[in-house]
Every structure is written in structure tokens, then in C-alpha cells.
Amino acid sequence: MISNLSAFSRSVFALAILVCASAPLVASAQVPCMPGIDMGCIVDITPLPIFVPTPVTTATLTIHAIVNPQADAALGLIVNDIATDFTFESSVTLNENDTFSVAADSVDGYTAEMSGDCSSDDVIANTSYECTVTYTENVIPVPSTLTVQFAPTGVTGTATVSLYSDGYESSIYTDPVTLTDGQQFSVSANDPTQTYIFTASDDCSGTAAGSTEYVCTFTGTYIIAPDTLSNGTVGSAYTETLALNSETRFPGTLSWTIREGGSLPSGLSLDSTTGVLSGTPTAAGTYSFTVAAQGVFMMPGGDFIAFPGFPMTFPIGAHAYTLTINDVVRSRGGGGGSGSRPRVVVPPAVPNTAIAPASTGKVLGSEIFHFLKDLRFGTNDSDVAELQKFLVAHGFPIPSSITTFFGSQTLTAVKAYQTAHGIPATGFVGPLTRAALNI
């Protein structure tokens, strides 16, 4: 029927359908056709379905853990403020309007850094949150050590170690001195006996770098020369000239004296101006005495106050000597005493009191091994063999023979040692464990 309509009639029919279609949609409706087109026809209209979205009320939190390098202990990442605490696996579902925060349990030797969506006060539905926790190993520089020694053997003195960091610290030398990374230090030496002038090595000042061993050496040279005195003989003229060594300069006048407590051989005297020890010994023996040199400056008098100039003295150096005087015994010859032959009698030698043996700082008859390296499971190093020897000697057995490899048996023994000494039983030989081992 529609095909027989005129063009105008077809246009009116399309408009009628458009009008009908624009009416509110109901489950089923009967709409009359337009008059003059087809009276009494009924158009049956069925509406299209209406889709209502279901509300989304959840969000997702994904946690990434990056451990560099691999931590020995298990990770402990906890999502707080949710109905049930969530131990880290991979992700967790959050409810809309939840609040959450991600916390990283501490792992010995590591620092945890949080980045990304690690906390929220009001969770937005249908949102993905990502939190990254990065574990970084704490790199603690091994402390430096500073050892002070006096050389050659027999040279003695007192060293003062000055440390400069956040503050200033000065202490009398103890062996060894522990220095922190980046700490400045300097060492000075003095000799209360005024016997030596000291020359310092390069390691006597500087800035400490982690795990570096510094050996500060002071080489002592006698202030007064010669180092030793030649022997004399009873009845024979003796001469020895004392002077400052070539490294000691003094522009003024010197005064030479013998300190109290010592005595020169009979027949000898010391010139206080020239420092010449001379005379003819009259008695055999070994004599100990200390020669002291003083500097003398003549202070000028006043221009407007009438007083003369006066000398001012101050000590420069001293040297303890021993001097041996040998006796001469003439034996009578046969045949009426026509001849004689001298016999020299040498008294027992007495060591120079200025020379004392230097301390080595070691236990007699044994060597003490100092652990300076971090040791862990899998390490292959000669220090591991020393560690194994130490553990076995102190009652922490290792079933296999001593090797340089840090394996499971060494790990078990180290943990047992740490437990016995109140150290966290991680099996890692770090600063705490080494401190106990080096006692």
C-alpha cells in the first residue's frame, strides 16, 4: 500500500513515524496512523533496551619490591589501615574511600626507599595505584687505622694524635687509632728527654679514606753529636768535641753542662763554652752522665731606663752517654825487669741508658690476626681461612677442613658465634662481628 502513495504522501508518512518515534518509550504502545493516509491502521512500537552501568566500588594497589642487591632477610611490606593487613605478594584490592599506606619492615644492612602511590587518604574507585619499595644495601666504609712508630729501634718518644672532624680531639698516642672515613688527622711527636729531633713520614697527616692503613713513622736523630763516645784509657789524654747535629741550627751562643745525677770520669772536664770534653783519666770504670746544651741570648738593655743587658737561656737538647775508661796494668818482665808489656783491662759494658727497646705491640710467641674485610656466604678469600681457624679454636666447629671458601658450614659456625656474643645471627661478618673477633 505504501508503494502506491504519491511522493508527498510518502513524506508525510515518514514525518508521522518520526513523530511517533519521538514519543516517550513504553513497554508497548498503539499509535493511530495519520488521517487521510490509512484510517484505522495500528503501528506497534517496541522500545530499545536501556543499559544502566553497575557502580564500581573497588580499586587495585600493586606493590613492587626492588632489592639491590638481594637482601638476606625476608621482605616485610605491610598495607595498613585496611580491614585485613596485607603481607606483600603482588597486589591488593581496596574499597572506595579507603585509606592506606605501605610500610617496609627494616632489613638489617639495607635502607628502604618508597616511591609512587605508597599512601592515600581517600581511595578513588576504579583506580590503579602502584607503590615501589627499593631496598639498597648500606655501604659502611671500613674504619681506617693509624699506627704510630718510632724508628730506628731504640728511638723513643711520645706522639699526640689530633683528629679533626665535626669537632677537635687530641689524645696521647694509642696503638692503633681508629679513623672514620673522611676524618682529618695529624700526629706530632715530642721527646721529654730532649734527646732526639724527629722527622715525620708522609702518613703522619692527611684525610682518612675507608679501610686504609696509615703508618706514621718518626725517625729520631740525636740532637747532640756524636751518638756515642769513644773509650779512654787511664793515663792517656782524652778529647771529644760535642756539638749540635747538622739538622739543628742555633744562631746564638751555646752553653754546655752536665745534668745532676751523672758524673764525668776523674780527670775529665767539659768546657761550658766550646763543648769539648777533655783531660787525662785517672781511674778506670764505666761512667754514665747526661750532657745538656742550652741556648744563650743576650737581651739588650733599656734606652731610657738605666739597666744593663742580661743573658737569657733556654734548653735545646740533651744526650745521655756512657763512657768507659780502661785500666792499664804493666806486668813485670823476667831477667831483672828489663822490660814490660801493657795489659788492657776492659770493665763490663753498661748499655746506653738513652736507648730502650721499642714495643712491637704483639703478644710474645703469637701473631694476632686482625679482620678488616666484610665476609659473607660465597666469599673466597684467605681471610675466610683465618676466620675458620678462629671459630674452631673458640669452640665453634667446622666439620670439614680449613679452606678459603665461606660455605654453609662456615655460615652455621658464624651464626652460632654471633648468637653467643649478642650479635644478630645473620651470618654476615660485618663491622659488629669483626669488632668482636678483633678483641
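### Some details on helix H3 (residues 382-393)
So, point 1. For H3, with 12 residues, the first-to-last C-alpha span of 17 Å sits near the 16 Å given by 1.5 Å per residue.
So, point 2. Taken residue by residue, H3 has Asp 383, Val 384, Ala 385, Leu 387, Gln 388, Phe 390 and Leu 391 as its buried positions.
So, point 3. Lining the buried residues of H3 we find helix H4 (408-420) and helix H5 (431-437).
So, point 4. In this structure Asp 381 caps H3, since a side-chain oxygen of it lies 2.8 Å from the backbone nitrogen of Asp 383.
So, point 5. Positive phi shows up at Gly 395, right after H3, with a value of about 90 degrees.

### Description of the sheet that holds strand E21 (residues 238-241)
So, point 1. Overall, antiparallel pairing links the 3 strands, which are arranged E21-E25-E24 in an open sheet. With partners counted over all chains shown, the strands left at the sheet margins are E21 and strand E24 (268-270), one partner each. For this sheet, the mean angle separating the axes of adjacent strands, direction not counted, is 10 degrees.
So, point 2. In terms of strand pairing, E21 meets strand E25 (residues 276-279) through 4 bridges, oriented antiparallel.

### Side note on the packing of aromatic side chains
So, point 1. Under the criterion given, the structure shown has 11 aromatic pairs.
So, point 2. Geometrically, the ring pair formed by Phe 371 and Phe 390 is edge-to-face, given 6.4 Å between the ring centres and 85 degrees between the ring planes. Taken together, the positions of Phe 371 in the loop between strand E28 (340-345) and H3 and Phe 390 in helix H3 put the pair 19 residues apart, joining distant regions of the chain. No difference in accessibility class separates Phe 371 from Phe 390, as the two residues are buried.
So, point 3. Site record: aromatic cluster; members linked through ring pairs are Phe 150, Tyr 196, Phe 198, Phe 218 and Tyr 222.

### Considering the confidence of the model for the chain
So, point 1. In this model, the chain carries a mean pLDDT of 74, and residues with pLDDT of at least 70 account for 65%.
So, point 2. Low pLDDT, under 50, characterises residues 80-87; the stretch is placed with 21 contacts to residues that sit more than four places away or in other chains.
So, point 3. Note on residues 333-366: pLDDT under 50 across the span, and 42 contacts to partners over four residues away in sequence or across chains.

### Describing the sheet that holds strand E11 (residues 144-151)
So, point 1. Taken together, 4 strands build an open sheet; the order of strands is E14-E11-E18-E16 and the sheet is mixed. Here the strands that pair on one side only, and so sit at the sheet edges, are strand E14 (177-179) and strand E16 (196-200). Adjacent strand axes in the sheet meet at a mean angle of 30 degrees, parallel and antiparallel pairs treated alike.
So, point 2. Bridging between E11 and E14 involves 3 bridges; their strand directions are antiparallel. Across the sheet, the residue bridging to Ser 144 is Leu 179, located in E14.

### As for the pattern of salt bridges
So, point 1. Per the counting criterion, the structure on display carries 3 salt bridges.
So, point 2. With a shortest N-O distance of 2.4 Å, Asp 374 and Arg 434 are connected by a salt bridge. Taken together, the residues Asp 374 in the loop between E28 and H3 and Arg 434 in helix H5 connect sequence positions 60 residues apart.

### Observations concerning the state of the cysteines
So, point 1. For the coordinates displayed, the defined rule picks out 2 disulfides.
So, point 2. Disulfide pairing places Cys 204 opposite Cys 216 at an S-S distance of 2.0 Å. In this structure, the disulfide formed by Cys 204 and Cys 216 twists by about 95 degrees around the S-S bond and is classed as right-handed. Of this pair, Cys 204 sits in the loop between E16 and strand E17 (205-207) while Cys 216 sits in strand E18 (residues 213-222), placing them 12 residues apart in sequence. Cys 216 carries the same exposure label as Cys 204, and that label is buried.

### Some thoughts on unusual backbone geometry
So, point 1. A cis geometry characterises the amide bond from Ala 225 onward to Pro 226, with omega recorded as 5 degrees.
So, point 2. As for its placement among the helices and strands, Pro 226 is situated in the loop between strand E19 (224-225) and strand E20 (232-233).
So, point 3. Even without glycine at this site, Asn 126 takes up a positive phi of about 60 degrees.
So, point 4. Note that Asn 126 resides in the loop between strand E9 (119-120) and strand E10 (128-137).
So, point 5. Of note, Gln 194 is a non-glycine position whose phi angle comes to about 60 degrees, a positive value.
So, point 6. Residue classification places Gln 194 among the partly exposed positions, given a relative accessible area of 24%.

### Topic: the pairing of E11
So, point 1. Note that E11 and E18 share 7 bridges and pair parallel. When the sheet's bridge partners are listed, Thr 147 is paired in E18 with Val 215.

### Thoughts on the environment of Leu 411
So, point 1. Tracing the backbone shows Leu 411 in helix H4.
So, point 2. Leu 411 sits 17 residues away from Phe 428 along the chain, and the two C-alpha atoms are 8.0 Å apart.
So, point 3. Contact partners of Leu 411, with chain neighbours within four places excluded, come to Phe 377, Phe 406, Thr 426 and Gly 427.

Analysis parameters
- Just so you know, the residues in each chain are numbered from 1, in the order the chain's sequence is written.
- Note on the predicted model: pLDDT of at least 70 is required for a residue's local features to be given, and 80 or more for side-chain atom pairs to be given and counted; whole-chain, interface and lining totals, by contrast, use all residues.
- Here the side-chain values reflect all heavy atoms present in the structure, with hydrogen atoms and water set aside.
- Where helices and strands are cited, they refer to DSSP runs of H or I of at least four residues and of E of at least two residues respectively, numbered from the N terminus.
- Helix span, expected: 1.5 Å multiplied by one less than the number of residues in the helix.
- Only protein chains enter the accessibility calculation, which uses a 1.4 Å probe. A residue is then buried if its area is under 20% of the maximum for its type, exposed if over 50%, and partly exposed in between.
- Whether two residues touch is decided by their heavy atoms; if any such pair falls within 4.5 Å, the residues are in contact.
- Pairs of N or O atoms within 3.5 Å make up the polar contacts considered here, provided that, within protein, one atom can donate a hydrogen while the other can accept it, and that residues adjacent in sequence are counted only when both atoms are side-chain atoms.
- Pairing between two strands is assigned when DSSP locates at least 2 bridges connecting them.
- Fitted lines through C-alpha atoms serve as axes, helices being fitted only where they are in contact, and the angles separating the N-to-C directions of these axes extend from 0 to 180 degrees.
- Only Phe, Tyr and Trp rings take part, Trp by its six-membered ring, and two of them pair if their centres are within 6.5 Å. Stacked means planes under 30 degrees apart, edge-to-face means over 60, and tilted covers everything else.
- Here pLDDT means the predictor's own confidence in every residue, given as a number from 0 to 100.
- Here a salt bridge means any side-chain nitrogen of Lys or Arg lying within 4 Å of a carboxyl oxygen belonging to Asp or Glu.
- Disulfides are defined as cysteine sulfur pairs within 2.5 Å.

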